[in-house]
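A structural walkthrough
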Amino acid sequence: MKTRRIFTFPFLLATLTAAVSCGNSKKADESRETEKKIVIKAPEFNADSAYAYIQAQADFGPRVPNTQAHRDCGDYLASQLEAFGARVYNQYADLEAWDGTLLKARNIIGAYKPESRKRVMLCAHWDSRPYADNDPNPDNHRKHILGVNDGASGVGVLLEIARQLQQKSPELGIDIIFFDAEDYGIPEFHRGNYKADTWCLGSQYWARTPHIQGYFARYGILLDMVGGKGATFYQEPYSLRTAAKEVKKIWKKARELGYGNWFVDREGAEVTDDHVYVHSIARIPCVDIINYDPTSERSSFGDFWHTVNDTMENIDRATLKAVGQTVMDVIYNEK
Ligand code: AHN
Ligand code: ZN
């Protein structure tokens, strides 16, 4: 009987490295160089472009479900994904809010390389909160928030990534998912009975009823509040428990790219966000990249969170760049 040996490239490389590392260091350095070259440099994420997509969403006003601004912005997002060459799926659903309001919700999905079975999903919520219930002024608690950082920032970064995906395709199929009705959760001022699972209604619906039957992705990355000046992204505990490998990979990549000041190598606070339902219902590990501010006295998500001041002034292109470039370098290196 003949035995055929198949040596894969990484195996050969490892053998080579091991062999030369017994000798002197110069050769070893060279082969480490070879190993380094395997890292693909992703295209340049354009933060000005992401900023413009955030501005465009803000210009509609608060994108609160059941409002005209929400319907118009939904159309804008779907048409942008289409213009960037994605196959677009619209998922319309009537979802019941904590107070019984029926929300005319719409999840918007843009698929790249839809035929590929190797996939990664990138997501963000696109709705804005109907209550500024963390505002210092109680008169504002029932006002709609503009949701520039909380909502539009993640979507803006993903639209720029969509534009990049059209120009140069990574090896994997990518799905960009804009979840609706994330931020309609039970407000702080509510004094009646507590109700569970009132946040993330769009992602809960999608996880139960994905846009494609039997949909699967290796993992997901959720972007939430990724545009703030001086934002910091700590490793979120639910993500660490359920997608440890991916958390490590993302934070390592960020550090290598020089974004270690944004991506802090420490554990932050656990958050109920879309990634929880993507994992617990659809069984797809998902990492939440979310601003965590341990210094703010107003909220762990920063001073402007769920206030009427969540506006364009707080958005910093440098933060958008750190997040967008990191995510791009991660996905362009998937095989
Ligand atoms: C809660 O406050 C329960 N979760 C934070 C998720 C969130 C709200 N993301 C944006 N707005
Ligand atoms: Zn919110």
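Coordinates for the structure precede this section.
Residues numbered from 1 in each chain as written. Chains lettered and ligands numbered in written order. Predicted model: local features only at pLDDT ≥ 70, side-chain atom pairs only at ≥ 80, totals over all residues. Heavy atoms only, no water.

A word on the pairing of strand 2 (residues 102-112). Taken across its eleven residues, strand 2 has nine buried, putting it largely inside the fold. Judged from the ten bridges that link them, strand 1 (residues 87-96) and strand 2 form a sheet pairing that is antiparallel. Considered in strand 2, the bridge of arginine 87 is made with alanine 111. Here strand 1 folds back onto strand 2 in antiparallel fashion, the turn holding five residues, of which glycine 100 has a positive phi close to 90°. (Buried < 20%, exposed > 50% of the residue type's maximum accessible area, 1.4 Å probe, protein only. Helix = DSSP H or I, 4+ residues; strand = E, 2+ residues; numbered from the N terminus. Pairing = 2+ DSSP bridges.)

In a regular helix each residue adds 1.5 Å, so 20 residues correspond to 28 Å; helix 5 (residues 148-167) covers 27 Å between its end C-alpha atoms and thus fits that length. Counting buried residues along helix 5, 17 of its 20 residues qualify, which places the element largely inside the surrounding structure. (Expected span 1.5 Å × (residues − 1).)

Before going further, it helps to spend a moment on the coordination of the zinc ion (ligand 2). Surrounding the zinc ion (ligand 2) are the protein donor atoms Asp150 (OD), Asp183 (OD), Asp183 (OD) and His306 (NE2), at 1.9 to 2.5 Å. Here the donor residues of the zinc ion (ligand 2) share one chain and are spaced in sequence as D-x32-D-x122-H. Residue aspartate 150 is located in helix 5, and its partner aspartate 183 is located in the loop between strand 4 (173-179) and helix 6 (201-208); the two are separated by 33 residues in the primary sequence. We note that aspartate 150, like aspartate 183, is buried. (Donors = N, O, S within 2.8 Å, 3.2 Å for Na, K, Ca; no water.)

Before going further, it helps to spend a moment on the packing of helix 5 against helix 10 (residues 317-331). Two measures define how a pair of helices packs: the angle their axes make with one another and the distance between the axes. Where helix 5 contacts helix 10, the axes come no closer than 10 Å and their chain directions differ by 40°. Between helix 5 and helix 10, the interaxial angle falls into the category oblique. Handedness of the helix 5/helix 10 crossing: right-handed. Note on element contacts: helix 10 touches helix 5 through Leu320, Gly324, Val327, Met328 and Ile331, opposite Val157, Ile161, Gln164 and Leu165. By residue class, the composition of the contact of helix 5 with helix 10 is seven nonpolar, two polar and no charged. (Axes fitted to C-alpha atoms, helices over the stretch in contact; angles between N-to-C directions. Parallel < 35°, antiparallel > 145°, perpendicular 65-115°, else oblique. Left-handed = near helix turned anticlockwise from the far one by under 90°. Contact = heavy atoms within 4.5 Å. Nonpolar A, V, L, I, M, F, W, Y, C, P; charged D, E, K, R; others polar.)

Every residue near ligand 1 is listed here: His125, Asp150, Glu182, Asp183, Trp199, Asp224, Met225, Val271, Thr272, Phe301, Trp305 and His306. One of the side-chain N or O atoms of aspartate 224 is found 2.7 Å from a nitrogen atom in ligand 1. A distance of 3.4 Å separates a nitrogen atom of ligand 1 from a polar atom in the side chain of histidine 306. For ligand 1, whose unbound accessible area comes to 320 Å², protein coverage reaches 88%. In terms of residue class, the shell around ligand 1 is built from five nonpolar, three polar and four charged. (Near = heavy atom within 4 Å. Polar contact = N/O pair within 3.5 Å; in protein donor to acceptor, adjacent residues only side chain to side chain. Areas by Shrake-Rupley, 256 points an atom, 1.4 Å probe, with all protein chains shown as cover.)

Sheet architecture is open: six strands sit in the order 1-2-4-3-5-8, paired in mixed fashion. In this open sheet, the two strands that pair with only one neighbour each are strand 1 and strand 8 (286-290). Averaged over all pairs of adjacent strands, the angle between their axes in this sheet comes to 20°, without regard to strand direction. As defined by bridge partners, strand 2 adjoins strand 4 across five bridges and the pair is classed as antiparallel. Bridge pairing in strand 4 links alanine 111 to aspartate 175. The strands that helix 5 touches are strand 2, strand 3 (119-125), strand 4 and strand 5 (219-224); relative to strand 3, the one it contacts most, it runs at about 145°. Of the strands in this sheet, strand 5 and strand 8 touch helix 8 (residues 244-256), which is tilted by about 40° from strand 8.

Nothing here speaks to function; it is geometry throughout.
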